[in-house]
Amino acid sequence: MEKKIIRDEHPFRDVIPASIRVGGKLYQIKYQSDPKNGSLLGEHSDYTTEIVIHETVEGEKISRQSQLETFWHEAVHAVLCAMGRLDLNNDETFVTTVGAMLNEIMQSAKTK
Ligand SMILES: [Zn+2]
């Protein structure tokens, strides 16, 4: 069956960028398999300005969709660090919710 091309879908909807700038800091997005810190899906460091997305955790492959959600979650951490809002940055429920909504915005974005 021929794949139908939907022309008004946002071209970056499923893209995890190689780098982003947050509050003037350039973050590199990196990937890691089987991290030593247990079951975390990703990490953000304000000091190394890296977002690390885990591709496998405890031997299990992490889906592309889950990696995309992890990217947005970690990007929200970067935003909150840039804002100096460590109170919100430590609220994982808040970070997960905002990240999921940003991902939803990108997933649903139309170009026309
Ligand atoms: Zn987090």
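See the structure shown above.
K.L.:
Sorry if this is basic, but what is going on with the overall build of the chain here?
P.N.:
Along the chain, the regular secondary structure elements total 3 helices and 5 strands. Counting from the amino terminus, helix and strand elements in the chain follow one another as β-β-β-β-β-α-α-α. Over its C-alpha atoms, taken along the principal directions, the chain stretches across nearly 45 × 35 × 25 Å. Per-residue burial for the chain yields a buried fraction of 21% across its 112 residues.

K.L.:
I'm lost on the packing of helix H1 (residues 64–83) against helix H3 (residues 92–108) in this one. Help?
P.N.:
The geometry of a pair of packed helices is captured by two quantities: the angle between their axes and the separation between those axes. The N-to-C vectors of H1 and H3 enclose an angle of 120 degrees; their axes lie 8 Å apart at closest approach. By the angle class used here, H1 and H3 are oblique. When the axes of H1 and H3 are compared, the crossing they make is right-handed. Contacts between H1 and H3 involve Leu68, Glu69, Trp72, His73, Ala75, Val76 and His77 from the first element and Val95, Thr96, Val98, Gly99, Ala100, Leu102 and Asn103 from the second. Of the residues that constitute the contact of H1 with H3, the class distribution is 8 nonpolar, 5 polar and 1 charged.

K.L.:
In this structure, what is going on with the nonpolar core? I would like to understand it.
P.N.:
Buried together is how nonpolar side chains tend to be arranged in soluble globular proteins. One finds Ile51, Phe71, Ala75, Val76 and Ala78 to be the most contacted residues of the largest nonpolar core, which totals 13 residues. Examining the composition of this core, we find that 7 residues originate from one element, H1, more than from any other. Residues within four places of Phe71 in sequence aside, it is in contact with Ile16, Ile29, Ile51 and Ile53.

The rules behind each value
- Residues numbered from 1 in each chain as written.
- Predicted model: local features only at pLDDT ≥ 70, side-chain atom pairs only at ≥ 80, totals over all residues.
- Helix = DSSP H or I, 4+ residues; strand = E, 2+ residues; numbered from the N terminus.
- Buried ≥ 20, exposed ≤ 12 C-beta atoms within 10 Å, placed from the backbone.
- Axes fitted to C-alpha atoms, helices over the stretch in contact; angles between N-to-C directions.
- Parallel < 35°, antiparallel > 145°, perpendicular 65-115°, else oblique.
- Left-handed = near helix turned anticlockwise from the far one by under 90°.
- Contact = placed C-beta atoms within 7 Å.
- Nonpolar A, V, L, I, M, F, W, Y, C, P; charged D, E, K, R; others polar.
- Core = buried A, V, L, I, M, F, W, Y, C linked by C-beta atoms within 7 Å.

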